[in-house]
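Below, each chain spelled out in residue letters.
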Amino acid sequence: KTKIVARLIKLIEESVYTIGLSSDTAVMHDCEEINKKEFIYIQELQKAMSKKGATIIEVVKDISDGKSSARRVTVSMGSTVEYVINPGKTIIYTLANENEFKKDIETGRRFVQLYTDKGREQTEKIIENKAKSRYVEGLGRNLSEAEKDEFRHYVNACIYEKMDFRDPFSSHVADFFPRCLKSRGFINHYFNLTDACAKYMRKKRHHDEEK
């Protein structure tokens, strides 16, 4: 999981603000820099959110709910300053399954979770693919720098391109979601994923239509 996220972050690093494990209020003090970015990356979520009432917990809940996150701080002589992190950002985090960290319902429903397949069948596929890469030409080839740059530019174009989506199947799909609190967030995740897929595959779709 961490490797996948690391590769993704490298592709869009200019658009990512990484939250480290510094003081609890540091994230708000750096709001100006965060507001320049499209993504917030939290390394080791269980450590960042281990302290009850930690600022980062409220930031995660506010931003992932489409709201700004604000904190008013007293600086001197009773005067205050307000730090605000603007909405519209995507939050990415990594968390090993082995860690004893349980997100509450309100936090858990705000994320799409990716799990590593640890089954025997998947292990066999990985071993077979690694073995094949030693004798099948091109199978284990790394991308050239030119290919990496082209891919990076394409991914960033997908992020910043504004598209208006109309989905005639949305009501039908909604019937399959369980009627529970988590579904309020999960249905947004699903529609966001389908929109992102449409963006990412648009070149292939145009190419197939031309054929």
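This structure is a prediction, so every number in the text was calculated from the model and none was measured. (Residues numbered from 1 in each chain as written. Predicted model: local features only at pLDDT ≥ 70, side-chain atom pairs only at ≥ 80, totals over all residues. Heavy atoms only, no water.)

(A) Spotlight on the side chain of Lys37. For Lys37, the location among the structural elements is in the loop between α3 (31-34) and β2 (39-42). Buried and unpaired, Lys37 has Glu33 as its nearest opposite-charge partner, separated by 4.0 Å. A polar side-chain atom of Lys37 sits 3.2 Å from the main-chain carbonyl oxygen of Glu14. Setting aside its immediate chain neighbours within four residues, Lys37 contacts Glu14, Ser15, Val16, Tyr17 and Lys89. (Helix = DSSP H or I, 4+ residues; strand = E, 2+ residues; numbered from the N terminus. Buried < 20%, exposed > 50% of the residue type's maximum accessible area, 1.4 Å probe, protein only. Lys, Arg positive; Asp, Glu negative; His and termini not counted. Salt bridge = Lys/Arg side-chain N within 4 Å of Asp/Glu carboxyl O. Polar contact = N/O pair within 3.5 Å; in protein donor to acceptor, adjacent residues only side chain to side chain. Contact = heavy atoms within 4.5 Å.)

(B) Spatial organisation of the layout of surface pockets. In this structure, the second largest pocket spans a volume of roughly 330 Å³. Surrounding the second largest pocket, Arg7, Leu8, Lys10, Leu11, Arg141, Asn142, Leu143, Lys148, Phe151 and Arg152 form its lining. At the level of secondary structure, the elements contributing two or more residues to the lining of the second largest pocket comprise α1 (2-11) and α8 (145-160). Here the lining of the second largest pocket is built from residues that sort into 4 nonpolar, 1 polar and 5 charged. (1 Å grid on protein atoms, 1.4 Å probe; cavity = no way out; pocket = protein on both sides within 12 Å on 5 of 7 lines; lining within 4 Å. Points joined across faces, edges and corners; volume = space filled by probe spheres on them. Nonpolar A, V, L, I, M, F, W, Y, C, P; charged D, E, K, R; others polar.)

(C) Quick peek at a nonpolar patch on the surface. A cluster of nonpolar side chains, contributed by Leu143, Phe151, Tyr200 and Met201, occupies part of the molecular surface with about 330 Å² of accessible area. For Met201, the position within the fold is in the loop between α10 (183-200) and α11 (202-210). Its relative accessible area of 34% is what places Met201 among the partly exposed residues. (Patch = residues over 30% accessible without salt bridge, like charges linked within 9 Å, V, L, I, M, F, W, Y side chains within 5 Å. Areas by Shrake-Rupley, 256 points an atom, 1.4 Å probe, with all protein chains shown as cover.)

(D) Up close: the pattern of salt bridges. Under the criterion given, the structure shown has 9 salt bridges. Here Asp164 and Arg166 are joined by a salt bridge, their closest N and O atoms 2.9 Å apart. Taken as a pair, Asp164 and Arg166 share a single burial class, namely exposed.

(E) Here's a closer look at the environment of Ile63. Along the polypeptide, Ile63 turns up in helix α5 (residues 55-64). Residues Ile63 and Ile85, 22 residues apart in the sequence, show an inter-C-alpha distance of 8.0 Å. For Ile63, the residues in contact, after removing those within four places along its chain, are Ser69, Ile85, Asn86, Pro87, Lys89 and Ile91.

(F) Layout of the pairing of β2. Along β2, one buried face is formed by Phe39 and Tyr41 and the opposite face, lined by Ile40 and Ile42, is buried too. Sheet analysis places strand β1 (residues 16-19) next to β2, joined by 4 bridges and oriented parallel. Bridge assignment links Val16 to a residue of β2, and that residue is Phe39. Bridging between β2 and strand β5 (residues 90-93) involves 4 bridges; their strand directions are parallel. Paired with Phe39 across the strands is Thr90, a residue of β5. (Pairing = 2+ DSSP bridges.)

(G) How the structure looks around the nonpolar core. One finds Ile19, Val27, Ile42, Ile56, Val59, Ile85 and Ile91 to be the most contacted residues of the largest nonpolar core, which totals 21 residues. At the level of elements, β1, α2 (26-29), α3, β2, α5, β4 (79-85) and β5 are the ones that each hand at least two residues to this core. Broken down by element, the residue count for this core peaks at 5 residues, all from α5. Ranked by size, the runner-up nonpolar core spans 9 residues in total, among them Leu11, Ile12, Phe39 and Val155. (Core = buried A, V, L, I, M, F, W, Y, C linked by side-chain atoms within 4.5 Å.)

(H) View of the sheet that holds β1. Spatially, the 3 strands line up as an open sheet ordered β1-β2-β5, and their pairing is parallel. Edge positions in the sheet fall to β1 and β5, since each of these pairs with one other strand and no more. Strand-to-strand twist across the sheet, computed as the mean angle between neighbouring axes with direction ignored, equals 25°. Seen against the sheet, α1 touches β1, β2 and β5 and runs at an angle of roughly 140° to β5. Along the sheet, α5 makes contact with β1, β2 and β5, crossing β5 at roughly 130°. (Axes fitted to C-alpha atoms, helices over the stretch in contact; angles between N-to-C directions.)

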